[in-house]
Amino acid sequence: MDRTASRGAGELASRYDPAEVEGRWAARWAEQPFTADPYSPKQAFTIVIPPPNVTGALHLGHAFDNTIIDVLIRFKRMQGFEALFQPGTDHAGIATQVQVERELKRQGASRYDLGREAFVDRVWEWKREYGGVIIEQLQRLGISASWDRLRFTMDEGLSEAVRRQFVSLFHQGKVYRAERIVNWDPASQTVLSEMEVDREERPAEMYELAYELEDGGALTIATVRPETIFADVAVAVHPEDQRFEGLVGRRVRIPLTDRWVPVIADEAVERDFGTGALKITPAHDPTDFEIGARHDLPRPSIIDKDAKLTGEYVPEGFRGLDRFEARSRVVGALEAAGALTGRREHTVALGLSQRTGEPVEPLLSLQWFYDTDEAAAKALKRVESGEVGFVPERYTKVDADWLRNLRHWCISRQLWWGHRIPAWYDADGNVYVPPADDPLTDPTDDPRWSGLDLQRDPDVFDTWFSSNLWPFSTLGWPDEDDPYFRKFYPTDVLVTGYDIISFWVSRMQIAGEEFTGRPPFRTVLLHGLVLDAEGQKMSKSKGNGVDPLDTIERYGADALRFAVSRASTGGQDVRWDDRIVEMGRNFATKLWNAARLVSMQEGTPHAGSLKDSPNLADRWLLSRLQRATTEITASLEAYDLGAANRAAYEFVWSELCDWYLEAAKAPLRAGDGHALATVNHALEAVLKLLHPMMPFVTSELYQALGHAEQVAESEWPTADDSLLDPEAEAAFERVMSAVTAARNLRSEAELSPSRTIEVWAHGPGASGLSSAKGLFESLARATLREGLPEGAALVGALPDVELRLPLAGQVDVAAYGERQRGRLEKARAEMERSGKKLSNERFVQGAPAEVVEEERRRMAEAASLVERLERALADLVS
């Protein structure tokens, strides 16, 4: 990698311009990416990118994933690991196909007009045109991935891995074709995984229907889907529900039909739901399907793939109706027939397709399924033994519960874009799959089947069926001799949102066990969801999303990364607030100005040991730097980016900039070699400690200080215990407390910050403060005297010393006292006014909660001011 400095030492601009600095470094890292050497003797550290949709654009979820990963990768790289950040994108079957179909629709065409082959070619064109957008956006965010190893789930090697996966599982009997209940999207005309379905609570109605008993009387059932009664094959009750004693084994007639069905008993029936009697419709409900299977019931289907009522079981007047229109018509007919005995408001968790917004339909469909039981059990053992850990740890149970209760996975999708299922069928429906020892050969090329007219399955695999291989297919598997697979697998950390544990994390665990016999990662680091200021999940439909690129444009990428790092604590959901990003921008500017101040100093740094400095401020800063280094390093090792961010921010902003640089101004101006050595050492260490979180500004400043190498290639700082100096820390903290007290006295006396004031120290600690007189006087802009002044003074009390600011000669005592008494009178009146309102029960009970809360805030503020003013007037002592 090019190590030439982009600027010379001391050439920092007077104003920090994030766009100019970040643009140059982003281009450099894209053109000269960080590489990982599979033959390196260094210990490997690997993280794979959660692959974004190839045609997608950067959103805050991507920003969180990739910033967290990049912080860890840069940190480990500086610690001396051979760090690989494996990048890539996902073909995103449904999302990408939907986008291309929408484009065709605007042109007045459909995929069927083009035909499968031409349509797939069109999608590849779309990918070539838009597939690089999100990669460029990630590079703008400063992601230091090994861009030379960029992968795509439909690359030749990864596609081969998916095919081998299916063929292997088929010949082991772990994938099979069967009819099961699936989530069907009538708009995109495909099965959906649970991950692709949003559950949204919506108002609905619960209908009570009377099913006539064959021997007289009626059995009342409750349903939210009366349009599906035509597919009923039984009514079920709980075997221990005494309300239905004697009814099991009898028959009831389905309203609006002449069909009679049995009353059965099954423990899956919830006695507290509805009337306790459940209509059983196996073809349109997963619970009903399982009950039907246990009782060997038929499975008639009356809703087609367009979500319309169809088939001989449906009375002619309802055939062809959309499901929701049919519901209204069926309810009307039931009411007219006297079968509708009640209706009430009810809330349902309606499943909506993420891609189309269409309500999904539970349908019985012939699909390919993967029996994950055996591999899931192995993955579960890894979790239970601690071999795979979760951060935060509480998500271990979530993952374990999911692995323990997995259902067989529907892996087929009715799409044209994706990995086509390598299965062929003859005229009798027999299945032909490539042989296990030659998975890349089609059965149509196998001489054993040359006489058969074999037709290939039109479906493709669920996108997750390729991304579950991602941790190792991107590293060269199934070639286990690939040097990257040998060096970098298993990966070390998986970073993702907690909301996809069930859909991606667990599936990678299963694939790792199934095909490598090892877990795909050692640690799963989970972050929360990004919410808007009101606590709502961000979404395009709500219009409450935040475009990270807009944020970068306004504040800079480092500022965004700062905000993400600061918010990444404990896997908690994050209420996004641009004020944190603004805080990051201000922090970068503070760092820039500090480096600029240091670069402008003249003199020769002291060449001896740093701990030899006679300056209290130097010894204090160096000691505090060791503690900050330890804390930041430990936090990053524990994957607590928020704690690392806060420790770095506090040290740099408060201790280095606000206190040390102020204390060192005079020594630095005088060319003090000890101060120069201290500040240069501290600044370089700070740039390294901050680099993983804020790579752009730290890279620029590090090279501006004269380094030819990038800070990213430098060695991570380690704490030097010999520089720890508890005595210097205690002494300097006494000075800081005294300076703060003196500044408060200045403010209380309403004296200008630029004016030098006179302060007297009295008490046991006065001599200790006097020993650091010069430091105190420069920081407080004060003249320090020891003893008690004459006349009236304002008093500031510290544990072992009392500071007094004499008013004579500095403040007009009478005018000062008069002003404070006037303020006190107004504050008391405000406190009394608020107190009266809050003691009024009608106000407290009747006013909006926010109004009452605001009044309480005002009263507390007034009370605090009264206390301070009373103390200030009392401090006018002689």
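Once a new chain begins, its residue numbering starts again from 1 and follows that chain's sequence as written. The predicted origin of the model limits local features to residues at a pLDDT of at least 70 and limits the giving and counting of side-chain atom pairs to 80 or more, whereas totals for whole chains, interfaces and linings rest on all residues. To obtain the side-chain values, all non-hydrogen atoms of the structure were used and water was disregarded.

**Q** Where do I start with unusual backbone geometry in this structure?
**A** If a residue is not glycine, its phi is most likely negative; likewise, a peptide bond is most likely trans. Geometrically, the link from Val391 to Pro392 is a cis peptide bond, its omega value of 0° lying close to zero. Segments assigned H or I by DSSP are reported as helices when at least four residues long, segments assigned E as strands when at least two residues long, and all are numbered from the N terminus. Position of Pro392 among the secondary structure elements: in the loop between β15 (389-391) and α11 (395-404). With an omega dihedral of 0°, the bond running from Tyr489 to Pro490 counts as a cis peptide bond. In this structure, Ala92 is a non-glycine residue whose phi angle is positive, near 50°. By secondary structure assignment, the location of Ala92 is in the loop between β3 (88-89) and α3 (93-106). When its relative accessible area of 7% is taken as the criterion, Ala92 is described as buried. At Leu256, a position not held by glycine, the phi torsion is positive, near 70°. Assignment of secondary structure puts Leu256 in the loop between β10 (251-253) and β11 (260-265). Only protein chains enter the area calculation, which uses a 1.4 Å probe; residues under 20% of their type maximum are buried, those over 50% are exposed, and those in between are partly exposed. Residue Leu256 is classed as partly exposed on the basis of its relative accessible area, which comes to 27%.

**Q** Teacher, can you tell me more about the packing of aromatic side chains here?
**A** Between two aromatic rings, the relevant description is the distance of the centres plus the angle of the planes. A pair of aromatic rings is counted whenever rings of Phe, Tyr or Trp (Trp by its six-membered ring) have centres within 6.5 Å, and the orientation is called stacked for planes under 30 degrees apart, edge-to-face for over 60 and tilted otherwise. What the rule picks out here adds up to 36 aromatic pairs. Their ring planes at 90° and their centres at 6.3 Å tell us that Tyr370 and Phe465 sit as a pair that is edge-to-face. With a gap of 95 residues between them, Tyr370 in strand β14 (residues 361-370) and Phe465 in helix α12 (residues 464-467) connect regions that are remote in the sequence. Across this residue pair, the class does not change: Tyr370 and Phe465 are buried. Grouping aromatic residues by their ring pairs yields a cluster made of Phe166, Phe170, Trp368, Tyr370, Trp409, Phe461 and Phe465. Note on criteria: charge over ring means Lys NZ or Arg CZ within 6 Å of the ring centre, with the direction from the centre no more than 35 degrees off the ring normal. The cationic tip of Arg111 hangs over the ring face of Trp416; the distance from NZ or CZ to the ring centre is 4.8 Å. Lys127 extends its terminal NZ or CZ atom over the ring of Phe152, reaching a point 4.5 Å from the ring centre.

**Q** When you look at the pattern of salt bridges in this model, what are you seeing that I'm missing?
**A** A pairing counts as a salt bridge when a side-chain nitrogen of Lys or Arg comes within 4 Å of a carboxyl oxygen of Asp or Glu. In the structure shown here, the tally under the stated rule is 60 salt bridges. One salt bridge connects Glu179 with Arg299, and the closest N-O pair in it is separated by 3.5 Å. Of this pair, Glu179 sits in strand β5 (residues 175-185) while Arg299 sits in the loop between α8 (286-294) and α9 (323-336), placing them 120 residues apart in sequence. What makes Glu179 partly exposed here is its relative accessible area of 35%. Arg627 serves as the salt-bridge partner of Glu729, at 2.7 Å between the closest nitrogen and oxygen. Pair noted here: Glu729 is in helix α23 (residues 726-748) and Arg627 is in helix α19 (residues 616-637), with a separation of 102 residues, a long-range link. Judged by its relative accessible area of 35%, Arg627 falls in the partly exposed class. Each of the salt bridges in this network shares a partner with another, and the network as a whole consists of Arg225, Glu227, Arg323, Arg327, Glu358 and Glu361.

**Q** In this structure, what is going on with a negative patch on the surface? I would like to understand it.
**A** Each patch is assembled from residues with relative accessible area greater than 30% and no salt bridge, linking like charges that lie within 9 Å and nonpolar side chains (Val, Leu, Ile, Met, Phe, Trp, Tyr) that lie within 5 Å. Accessible surface is estimated by sampling points in the Shrake-Rupley manner with a 1.4 Å probe; for residues, cover comes only from the protein chains shown. Counted as positive: Lys and Arg. Counted as negative: Asp and Glu, with His and the chain ends omitted from the count. Here the site of a charge means NZ on Lys, CZ on Arg, CG on Asp, or CD on Glu. Taken together, the side chains of Glu117, Asp121, Glu125 and Glu129 make up a negatively charged region of the molecular surface. Here Asp121 shows up in helix α5 (residues 116-130). Residue Asp121 is classed as partly exposed on the basis of its relative accessible area of 41%.

**Q** Even after reading the chapter, I still don't get the sheet that holds β5, so can you show me in this structure?
**A** Two strands in a sheet stick together by hydrogen bonds in their backbones, pointing the same way (parallel) or opposite ways (antiparallel). One open sheet accounts for four strands, arranged β6-β5-β14-β16; its pairing is antiparallel. The two strands at the open ends of the sheet, each matched to only one other strand, are β6 (190-192) and β16 (409-410). We treat two strands as partners when DSSP finds at least two bridges between them. By the bridge criterion, three bridges tie β5 to β6 in an arrangement that is antiparallel. Paired with Asn183 across the bridge in β6 is Leu192.

**Q** Hey, could you run me through empty space enclosed by the protein in this one?
**A** If a probe the size of a water molecule is rolled over the atoms, the empty space left behind becomes visible. The definitions used throughout rest on a 1 Å grid laid over the protein atoms alone, on which a cavity is an enclosed set of points accommodating a 1.4 Å probe that cannot get out and a pocket is an open set flanked by protein within 12 Å on both sides along at least five of seven lines; lining residues are those having an atom within 4 Å of a point. Grid points are joined across faces, edges and corners, and a volume is the space filled by probe spheres set on the points. According to the stated counting rule, one finds one cavity of 30 Å³ or more in the structure shown. Counted as a void, the largest cavity has a volume near 40 Å³. In this structure, the largest cavity is lined by His91, Gly93, Ile94, Glu196, Arg413, Leu415, Trp417, Gly418, Val460, Phe461, Asp462 and Thr463. Counting only elements with at least two residues in the lining of the largest cavity, the list comes to α3 and β21 (460-461). Each residue receives one of three labels: charged for Asp, Glu, Lys and Arg, nonpolar for Ala, Val, Leu, Ile, Met, Phe, Trp, Tyr, Cys and Pro, and polar for the others, Gly being one of them. Taken together, the residues of the lining of the largest cavity sort by class into five nonpolar, four polar and three charged.

**Q** What am I meant to see in the sheet that holds strand β18 (residues 424-425) here?
**A** Ordered in space as β19-β18-β20, the three strands form an open sheet in which the pairing is antiparallel. Edge strands, defined here as strands with exactly one partner in the open sheet, are β19 (431-432) and β20 (455-456). When β18 meets β19, the two strands line up antiparallel, connected through two bridges. Across the sheet, the residue bridging to Trp424 is Tyr432, located in β19.

**Q** Sorry, what's going on with the packing of α11 against helix α15 (residues 501-515) here?
**A** Each pair of packed helices can be summarised by the angle the axes make with each other and by the distance between the axes. Helix axes use the C-alpha atoms of the stretch in contact, all axes being lines fitted to C-alpha atoms, and the angles between their N-to-C directions lie in the range 0 to 180 degrees. Running from amino to carboxyl end, α11 crosses α15 at an angle of 70°, the nearest separation of the two axes being 10 Å. In terms of their interaxial angle, α11 and α15 are classed as roughly perpendicular. Residues Tyr395, Val398, Asp399, Trp402 and Leu403 of α11 form the contact with α15, whose own contacting residues are Ile501, Ser502, Val505, Ser506, Gln509 and Ile510. These descriptions rest on fixed angle ranges, namely under 35 degrees for roughly parallel, over 145 for roughly antiparallel, 65 to 115 for roughly perpendicular, and the rest for oblique. By definition, residues are in contact when any of their heavy atoms lie within 4.5 Å.

**Q** Just checking my understanding: could you explain the packing of helix α17 (residues 557-567) against helix α20 (residues 641-669) for this structure?
**A** It is at 6 Å that the axes of α17 and α20 come closest, and there the two elements cross at 120°. Of the possible angle classes, the one that applies to α17 and α20 is oblique. Between α17 and α20, the residues in contact are Phe562, Ser565 and Arg566 and Leu641, Gly642, Asn645, Arg646 and Tyr649, respectively. The residue inventory of the contact of α17 with α20, partitioned by class, reads three nonpolar, three polar and two charged.

**Q** Can you walk me through the nonpolar core in this structure?
**A** Soluble globular proteins tend to bury their nonpolar side chains together. In this description, a nonpolar core means a group of buried Ala, Val, Leu, Ile, Met, Phe, Trp, Tyr and Cys residues linked to one another through side-chain atoms lying within 4.5 Å. Ranked by size, the top nonpolar core spans 187 residues in total, and within it Phe166, Trp576, Tyr660 and Phe776 carry the most contacts. Among the elements that make up this core, the one with the highest residue count is α20 (15 residues). With sequence-adjacent residues up to four places away left out, Phe166 is seen in contact with Val175, Trp368, Ile411, Ile421, Pro422, Val433, Phe461 and Phe465. Ranked by size, the runner-up nonpolar core spans 36 residues in total, among them Tyr207, Leu213, Phe318 and Ala339.

**Q** For this particular structure, what's the right way to read the side chain of Ser714?
**A** Relative to the helices and strands, Ser714 is located in the loop between α22 (695-704) and α23. From its side chain, Ser714 meets the backbone oxygen of Val711 in a polar contact 2.6 Å long. The residues touching Ser714, leaving out its near neighbours within four places in the chain, are Met78, Lys688, Tyr702 and Glu709. Contacts described as polar in this section are N or O atom pairs within 3.5 Å, which, within protein, must combine one atom able to donate a hydrogen with one able to accept it, while residues neighboring in sequence count only if both atoms come from side chains.

**Q** Quick question: what am I supposed to make of helix α2 (residues 60-78) here?
**A** In an α-helix there are 3.6 residues to a turn, and that puts residues three or four apart on one side. Relative to the 27 Å expected for 19 residues at 1.5 Å per residue, α2 spans 27 Å between its end C-alpha atoms, a close match to the ideal helical length. In terms of residue burial, α2 counts as a mostly covered element, since 18 of its 19 residues are buried. A helix's residues, less one, multiplied by 1.5 Å, set its expected span.

**Q** What is the right way to read the confidence of the model for the protein chain from this model?
**A** One rule of thumb: low pLDDT means the predicted coordinates there are not for detailed reading. In the predicted model, the protein chain carries a mean pLDDT of 92, and 98% of its residues have values of at least 70. What pLDDT conveys is the predictor's confidence in a given residue, as a value from 0 to 100. Per-residue pLDDT stays below 50 along residues 1-10; that stretch engages in 34 contacts with residues further than four places along the chain or on separate chains.

**Q** Explain the side chain of Glu513 here, please?
**A** Relative to the helices and strands, Glu513 is located in helix α15. Beyond its immediate chain neighbours, meaning those up to four positions away, Glu513 contacts Ala375, Lys378, Ala379, Arg382, Arg518 and Pro519.

**Q** For this particular structure, what's the right way to read the environment of Glu335?
**A** You can see Glu335 is positioned in helix α9. Sequence-wise, Glu335 and Leu406 are 71 residues apart; in three dimensions their C-alpha atoms are separated by 42 Å. Apart from the residues lying within four places of it in its own chain, the contact partners of Glu335 are Leu340 and Arg343.

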